[in-house]
Amino acid sequence: MNLTLKIWRQKDASSKGQMVDYKVTEISEHMSFLEMMDVLNEQLVNSGEEPVAFDHDCREGICGMCSMYINGEAHGPDRGVTTCQLHMRMFKDGDTITIEPFRAAAFPVLKDLVVDRSSFDRIQHAGGYISVNTSGNTQDANSIPISKHAADEAMDAATCIGCGACVATCKNSSAMLFVGAKVSQYALLPQGQVEAADRVRNMVAQMDLEGFGNCTNTGACEVECPKGISLENIARMNRELMKASV
Amino acid sequence: MALDSKVPKGPIKDKWTDYKNHIDLVNPANKRHIDVIVVGTGLAGGSASATLAELGYNVKAFAYQDSPRRAHSIAAQGGINAAKNYQGDGDSTYRLFYDTVKGGDYRSREANVYRLAEVSANIIDQCVAQGVPFARDYGGLLDNRSFGGVLVSRTFYAKGQTGQQLLLGAYSAMNRQIARGKIEMFNRHEMLDVVVVDGKARGIIARNLITGEIERHSAHAVVIASGGYGNVYFLSTNAMGSNVTAGWKIHKKGAHFANPCYTQIHPTCIPRSGDYQSKLTLMSESLRNDGRIWVPKKMEDVMAIREGRKKPTDLSEEERDYYLERRYPAFGNLVPRDVASRAAKERCDAGFGVNTTGEAVYLDFKSAITRYGIEQAKIHNIKNPSDAKIYELGQAIVEAKYGNLFQMYEKIVDQDPYKTPMMIYPAVHYTMGGVWVDYNLMTTIPGCYCIGEANFSDHGANRLGASALMQGLADGYFVLPYTIGDYLSGDIRTGKISTDTPEFEAAEKEVSERINFFVNNKGTKSVDYFHKKLGKVMWDKAGMSRNATGLKEAMAEIKAIREEFWKEVSVPGTANEMNPELEKAGRVADFLELGELFAKDALMREESCGGHFREESAELDGPQKGEAKRNDEDFAFVAAWEYKGEPADAVLHKEELEFNDIELKQRSYK
């Protein structure tokens with residue numbers, strides 16, 4: 001198929017960006033969206049132009065690196081997938097596709113479609129861990145039984161890949177689905193209880209400091225999350241914060 | 001120079017304990033004055049960074065990604081082995097050790113593997129304490145499953161995302177140390193050279209991938225944990241950014257590179273669909289528990305399927321060739337990875353591949369769905385169920401076991417694998433070769449260590465499932481933190497290492513010149529053009545099956561591609577900005593050298609071993625006729641190559657492998 005792409009080009013963090021039109025031809029419906037971008041970039045390199053910079057790596061939907069905003073949706077029109085798993089069969093010959101970086105004050109653009117998501121790391125530094133020594137002298141793993149239900153729920157929360165689609169999708173650029181998922185994982189496990197109050201307080205404070213907005217229960221984050229992280233995690237984070245504050 | 005493996009004396013079960021009792025230690029107050037650089041922050045590098053910081057060293061950690069959480073360890077699906085014997089099925093340290101050495105086709109170092117098995121149980125305890133949500137049974141205890149090549153259930157798992165959860169565990173341990181200021185994290189930085197001062201590794205040259213700035217970083221020791229080099233084939237299951245650069249740079253500065261030709265080919269990947277393909281996607285090996293593998297018996301059926309005149313479901317049982325069940329009746333579809341991969345390639349090479357490229361075989365779940373369906377009908381007391389009912393009941397069971405994989409397949413291929421057989425083909429997955437290290441995990445450059453997939457030591461010529469994660473974490477959490485202390489105890493009076501020395505200057509100059517060459521070279525071809533060309537030679541001539549003629553041709557062809565690359569490569573943009581094409585150019589330049597050494601190593605190894613079928617070395621008669629023939633007499637050694645300029649000139653050093661605790665036997669799956 002033949003497509004028109006409208007892509008955000010921006011030289012670096014301090015330059016002004018703009019939308020630029022490109023044509024790509026002979027795109028197979030079996031290609032992934034990123035392979036279609038590879039075709040465009042090969043075309044640009046061959047004509048001596050700078051290729052479009054975009055983040056990508058594992059191309060298996062798990063590293064959380066790809067971050068395109070396609071036709072007004074994080075990771076594009078398909079559900080439950082990252083951009084690397086989005087396939088061109090979702091589009092039609094002659095389509096015009098708009099491709100932008102994730103837009104949020106806390107995710108500044110570094111170049112073209114590449115954004116800086118280090119704010120997520122800083123939230124984790126503020127408490128996204130259990131304070132245990134890595135000495136290998138911990139007690140036997142079976143000495144604290146954990147119910148299958150709690151372990152499965154913690155696993156569902158831990159499935160978050162930190163891609164930032166929740167932030168990009170939210171009208172308030174809220175990071176509460178991401179933070180809620182991490183808080184939930186530890187809140188559901190006995191190992192995480194000891195410092196649960198400090199953890200949620202510190203992570204939420206850092207989240208605010210980074211400039212993420214608040215949750216207004218619109219639920220768009222859950223719809224666009226490639227890993228199906230549920231809104232329940234935001235509710236649990238709020239309960240944990242409430243508990244920590246009384 | 002003779003290779004000294006530094007394996008401690010004494011019985012194998014006491015080696016590690018005795019070693020730890022006798023090494024030199026650094027007192028906590030002195031650790032504060034010692035800096036360690038860790039390059040790569042996946043399972044091995046992340047766990048090493050966290051632990052070294054925990055011990056009190058000042059750690060500088062480098063990742064080319066925007067966050068350690070993106071490392072490719074995250075994509076590992078199946079699980080992690082540990083000799084816990086929670087199931088009471090007879091597992092022990094010795095059995096894990098035995099399975100790993102045998103599975104590796106007797107080409108790994110016994111003492112390292114024993115230590116790996118010994119610390120494996122600690123890994124699980126450590127990760128659970130960090131909040132890794134491993135699967136639990138209804139009593140609240142940890143659940144286990146079994147993997148290919150073993151007779152016990154010792155694999156711990158977190159759904160199909162074990163690598164992700166273990167990596168996030170190591171990442172969280174790093175975060176705690178970053179918050180304490182004990183790890184200084186350099187994201188979006190790439191190491192481009194190691195700096196050797198007075199014969200010791202004392203720092204690195206790195207490029208800030210956002211600004212393009214070249215930076216000098218010093219330390220008392222350098223740890224390389226940069227993963228595998230499977231992308232030398234261009235198409236592999238590795239992440240797009242996985243590269244050999246850090247390992248190759250230290251090789252060029254004096255670290256020997258061991259067994260470069262040992263590559264694992266995984267049998268169950270989604271086949272390539274066209275020339276544009278950027279990478280391959282793995283389907284978990286666990287699918288072979290329930291899938292039957294076949295191709296049509298008759299060539300006319302193959303053609304009819306390729307041309308769309310027939311569907312696979314149109315073929316009767318008699319018209320199908322279940323070639324694994326035919327050739328290996330004892331193990332059938334569950335033969336090890338290397339055997340399954342070679343058999344699939346053999347059928348496709350003979351023309352029986354079922355997709356348009358001719359590179360696919362069927363993995364069929366019909367029998368399993370029917371079998372489960374009949375069983376379910378009995379359980380639910382359904383009398384005379386219709387075929388449709390049986391299918392419905394059976395499909396629900398298969399969905400519960402493999403649902404996420406089936407969904408992933410459907411997204412990529414756009415076919416419903418419940419209704420039509422999956423298509424699979426072998427793909428490059430994991431590299432068992434890597435930088436040569438001694439028992440201390442130190443390379444042949446003093447003070448330069450190499451851990452995880454980037455080193456060579458533990459997997460031999462073939463890696464068993466669920467053992468890669470184990471090695472990465474064992475090295476990082478529990479082995480390196482001891483062994484590096486022994487070395488660093490000699491550095492407590494050294495003080496800060498200056499970066500203002502001729503050695504740093506020379507290394508920086510070399511790095512800058514290379515970058516400037518790329519951005520100023522007015523070539524006509526893209527980096528990917530060369531990478532794809534290299535990958536094709538590698539797959540065709542140094543892939544799953546190899547022969548002397550092909551390997552010699554490969555060496556010459558790779559050299560020619562390399563020469564063309566340095567003349568014709570085109571890298572748009574400038575050096576002083578974020579420039580992904582420039583990053584790729586540097587990595588492909590290194591692959592173009594490694595690829596030739598890879599072929600040279602394969603040429604030298606005149607035996608079939610692990611995943612590598614050397615066509616000249618097959619069993620000629622007897623029950624194993626046609627199968628791979630290992631040659632212990634002449635090749636029970638590690639091939640460690642010393643850099644001498646051109647890859648063709650590399651000099652071979654042999655570390656003879658001794659097997660005192662395990663008898664060398666032929667692997668038979670008939």
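- Chain B is annotated in an unreviewed UniProt entry as succinate dehydrogenase of Polaribacter haliotis.
- Recorded in UniProt under Catalytic activity (unreviewed entry), the annotation for chain B is "a quinone + succinate = fumarate + a quinol".
- For chain B, the Sequence similarities (unreviewed entry) comment in UniProt is given as "Belongs to the FAD-dependent oxidoreductase 2 family. FRD/SDH subfamily."

- Within an unreviewed UniProt entry, the label attached to chain A reads Succinate dehydrogenase/fumarate reductase iron-sulfur subunit, and the organism entered is Polaribacter haliotis.
- Looking at the Sequence similarities (unreviewed entry) heading of the UniProt record, one finds this comment for chain A: "Belongs to the succinate dehydrogenase/fumarate reductase iron-sulfur protein family."

**Some thoughts on the interface of chain A and chain B**
Line of reasoning, step 1. Taken together, the contact between chain A and chain B spans 72 residues of the former and 78 residues of the latter.
Line of reasoning, step 2. Between chain A and chain B the total buried area reaches about 6,100 Å² when both faces are included, carbon and sulfur atoms providing 51% of it.
Line of reasoning, step 3. Between the two partners, chain A and chain B, sit 9 salt bridges.
Line of reasoning, step 4. With a shortest N-O distance of 3.0 Å, A:K11 and B:E577 are connected by a salt bridge.
Line of reasoning, step 5. For the side of chain A that touches chain B, the secondary structure elements donating two or more residues are α1 (33-46), β6 (109-111), β7 (114-115), α2 (118-125), α3 (148-158) and α5 (176-187) of chain A.
Line of reasoning, step 6. With 6 residues, the single largest contributor to the side of chain A that touches chain B is α3(A).
Line of reasoning, step 7. The residue inventory of the side of chain A that touches chain B, partitioned by class, reads 29 nonpolar, 23 polar and 20 charged.

**Quick look at the domain arrangement of chain A**
Residue and element names in this part refer to chain A.
Line of reasoning, step 1. When cut into domains, chain A gives domain 1 (3-111) and domain 2 (117-131 + 145-244).
Line of reasoning, step 2. Placing the centre of domain 1 and that of domain 2 at their C-alpha centroids yields a distance of 28 Å.
Line of reasoning, step 3. Counting from both sides, the interface comprises 22 residues of domain 1 and, opposite them, 20 residues of domain 2.
Line of reasoning, step 4. Between the two partners, domain 1 and domain 2, sit 2 salt bridges.
Line of reasoning, step 5. In this structure, the salt-bridge partner of R79 is E224, at a minimum N-O distance of 3.6 Å.
Line of reasoning, step 6. Where domain 1 touches domain 2, the interface holds 4 residue pairs in polar contact (both at pLDDT 80 or more).

**Topic: the packing of aromatic side chains**
All names here are of chain B.
Line of reasoning, step 1. Enumeration over the complete set of coordinates arrives at 37 aromatic pairs over all chains.
Line of reasoning, step 2. Look at W16 and Y482: their rings are 5.8 Å apart centre to centre, the planes differ by 80 degrees, and that puts the pair in the edge-to-face class. Taken together, the positions of W16 in helix α1 (residues 15-22) and Y482 in helix α13 (residues 468-488) put the pair 466 residues apart, joining distant regions of the chain.
Line of reasoning, step 3. Its relative accessible area of 35% is what places Y482 among the partly exposed residues.
Line of reasoning, step 4. For the ring pair F134 and F156, a centre distance of 6.2 Å and an interplane angle of 65 degrees mean the geometry is edge-to-face. Of the two residues, F134 is situated in the loop between α5 (110-129) and β4 (155-156) and F156 in strand β4; the sequence distance between them amounts to 22 residues.
Line of reasoning, step 5. What links up through ring pairs into an aromatic cluster is the set F517, F518, Y529, F530, F565 and W566.
Line of reasoning, step 6. Geometry around Y372 places R371 over its ring, the cationic atom sitting 5.1 Å from the centre.

**Regarding the domain arrangement of chain B**
Residues and elements named next belong to chain B.
Line of reasoning, step 1. You can read the domains of chain B as domain 1 (34-264 + 429-490), domain 2 (268-428) and domain 3 (513-630).
Line of reasoning, step 2. For domain 1 versus domain 2, the distance between C-alpha centres works out to 34 Å.
Line of reasoning, step 3. With 18 residues of domain 1 at the interface, the matching set in domain 2 holds 16 residues.
Line of reasoning, step 4. The interface formed by domain 1 and domain 2 includes 0 salt bridges.
Line of reasoning, step 5. Broken down by secondary-structure element, the contributors of at least two residues to the side of domain 1 that touches domain 2 are β11 (263-269) and β15 (422-431).

**Let's talk about the sheet that holds strand β9 (residues 221-224) of chain B**
All names here are of chain B.
Line of reasoning, step 1. Spatially, 5 strands are ordered β5-β2-β1-β9-β17 in an open sheet, and the strand pairing comes out parallel. Lying at the two open borders of the sheet, with one neighbouring strand each, are β5 (183-186) and β17 (448-450). Averaged over all neighbouring strand pairs, the angle between strand axes comes to 20 degrees, with direction disregarded.
Line of reasoning, step 2. Two strands pair when backbone bridges link them, and strand β1 (residues 35-39) and strand β2 (residues 58-62) are joined in this way by 5 bridges, in the parallel orientation. Note on β2: the bridge partner recorded for I37 is K60.
Line of reasoning, step 3. Taken strand by strand, helix α6 (residues 162-179) contacts β2 and β5, and its axis lies near 110 degrees from that of β5.

**Concerning the environment of B:R136**
Residue and element names in this part refer to chain B.
Line of reasoning, step 1. As for its position among the elements, R136 is in the loop between α5 and β4.
Line of reasoning, step 2. Since its relative accessible area comes to 3%, R136 is described here as buried.
Line of reasoning, step 3. C-alpha separation for the pair R136 and N243, spaced 107 residues apart in sequence, amounts to 36 Å.
Line of reasoning, step 4. At 2.9 Å, the side chain of R136 forms a polar contact with the backbone oxygen of G140.

**A short note on the side chain of B:D91**
All names here are of chain B.
Line of reasoning, step 1. Mapped onto the secondary structure, D91 falls in the loop between β3 (80-81) and α4 (93-103).
Line of reasoning, step 2. Here R154 takes part through its side chain, which lies 2.9 Å from a polar atom of the side chain of D91.
Line of reasoning, step 3. Those residues within four positions of D91 in sequence are excluded, and the remaining contacts are A82, A83, K84, N85, L96, V152 and R154.

**Examining the side chain of B:D458**
All names here are of chain B.
Line of reasoning, step 1. For D458, the position within the fold is in the loop between β17 and α13.
Line of reasoning, step 2. Salt bridges are absent for the buried D458, whose nearest opposite-charge side chain, R115, sits at 5.9 Å.
Line of reasoning, step 3. Looking at D458, its side chain comes within polar contact range of the side chain of S457, at 2.6 Å.

**A short note on the pattern of salt bridges**
Residue and element names in this part refer to chain B.
Line of reasoning, step 1. A full pass over the atoms with the stated rule returns 74 salt bridges over all chains.
Line of reasoning, step 2. Ionic pairing is found between K541 and E553, a salt bridge with its closest N-O pair at 3.0 Å. Of the two residues, K541 is situated in helix α15 (residues 527-542) and E553 in helix α16 (residues 548-568); the sequence distance between them amounts to 12 residues.
Line of reasoning, step 3. Using a relative accessible area of 35% as the deciding quantity, one classes E553 as partly exposed.
Line of reasoning, step 4. In this structure, D632 engages R630 in a salt bridge whose closest nitrogen and oxygen atoms are separated by 2.8 Å.
Line of reasoning, step 5. Under the relative-accessibility criterion, D632 is labelled partly exposed at 26%.

**A word on the nonpolar core**
Line of reasoning, step 1. Counting residues in each nonpolar core, the largest one holds 201 residues, and the members touching the most others are B:I80 and B:F134.
Line of reasoning, step 2. When residues in this core are grouped by element, the largest group, 13 residues, is from helix α17 (residues 580-604) of chain B.
Line of reasoning, step 3. Non-local contacts of B:F134, meaning those with residues more than four positions away in its chain, are made with A:A151, B:I80, B:I124, B:C127, B:V128, B:L142, B:F156, B:Y157, B:A158, B:T162 and B:L166.
Line of reasoning, step 4. B:M283, B:V335, B:A343 and B:Y372 belong to the second largest nonpolar core, which has 42 residues in total.

**Some thoughts on the packing of α15(B) against α17(B)**
Residues and elements named next belong to chain B.
Line of reasoning, step 1. Contact geometry for α15 and α17: axes closest at 10 Å, N-to-C directions at 25 degrees. Relative to α17, α15 is oriented roughly parallel. The crossing of α15 and α17 is left-handed. The residues of α17 that touch α15, namely those facing V527, D528, H531, L534, M538 and A542, are E581, K584, A585, V588, F591, L592, G595 and F598.
Line of reasoning, step 2. Of the residues belonging to the contact of α15 with α17, the class tally is 9 nonpolar, 2 polar and 3 charged.

**Some details on the UniProt feature "active site" (unreviewed entry) in chain B**
All names here are of chain B.
Line of reasoning, step 1. Sequence positions flagged by UniProt for "active site" (unreviewed entry) are, in local numbering, R337.
Line of reasoning, step 2. Among the structural elements, R337 can be located in helix α10 (residues 337-352).
Line of reasoning, step 3. By relative accessible area, which is 8% here, R337 ends up buried.
Line of reasoning, step 4. In this structure, R337 is in contact with F147, Q264, I265, H266, P267, E285, R288, H429, R463 and G465, ignoring residues within four places of it in sequence.
Line of reasoning, step 5. In this structure the side chain of R337 is engaged in a polar contact, spanning 2.9 Å, whose partner is the side chain of Q264.

**Observations concerning the sheet that holds strand β7 (residues 200-208) of chain B**
Residues and elements named next belong to chain B.
Line of reasoning, step 1. Here 3 strands make up an open sheet; going across it, the order is β6-β7-β8 and the pairing antiparallel. Strands with a single pairing partner mark the edges of an open sheet, and in this sheet they are β6 (189-197) and β8 (214-218). Going from strand to strand, the sheet's axes swing by 25 degrees on average, the running direction of each strand aside.
Line of reasoning, step 2. Pairing between β6 and β7: 8 bridges, direction antiparallel. Bridge assignment links H189 to a residue of β7, and that residue is N208.

Calculation rules
- Residues numbered from 1 in each chain as written.
- Chains lettered and ligands numbered in written order.
- Predicted model: local features only at pLDDT ≥ 70, side-chain atom pairs only at ≥ 80, totals over all residues.
- Heavy atoms only, no water.
- UniProt positions renumbered as here; feature names shortened; annotations may be inferred.
- Contact = heavy atoms within 4.5 Å.
- Buried area = accessible area lost by both parts, 1.4 Å probe.
- Salt bridge = Lys/Arg side-chain N within 4 Å of Asp/Glu carboxyl O.
- Helix = DSSP H or I, 4+ residues; strand = E, 2+ residues; numbered from the N terminus.
- Nonpolar A, V, L, I, M, F, W, Y, C, P; charged D, E, K, R; others polar.
- Domains from an automatic or database assignment.
- Polar contact = N/O pair within 3.5 Å; in protein donor to acceptor, adjacent residues only side chain to side chain.
- Phe/Tyr/Trp six-rings, centres within 6.5 Å; stacked < 30°, edge-to-face > 60°.
- Buried < 20%, exposed > 50% of the residue type's maximum accessible area, 1.4 Å probe, protein only.
- Lys NZ or Arg CZ within 6 Å of the ring centre and 35° of its normal.
- Pairing = 2+ DSSP bridges.
- Axes fitted to C-alpha atoms, helices over the stretch in contact; angles between N-to-C directions.
- Lys, Arg positive; Asp, Glu negative; His and termini not counted.
- Core = buried A, V, L, I, M, F, W, Y, C linked by side-chain atoms within 4.5 Å.
- Parallel < 35°, antiparallel > 145°, perpendicular 65-115°, else oblique.
- Left-handed = near helix turned anticlockwise from the far one by under 90°.

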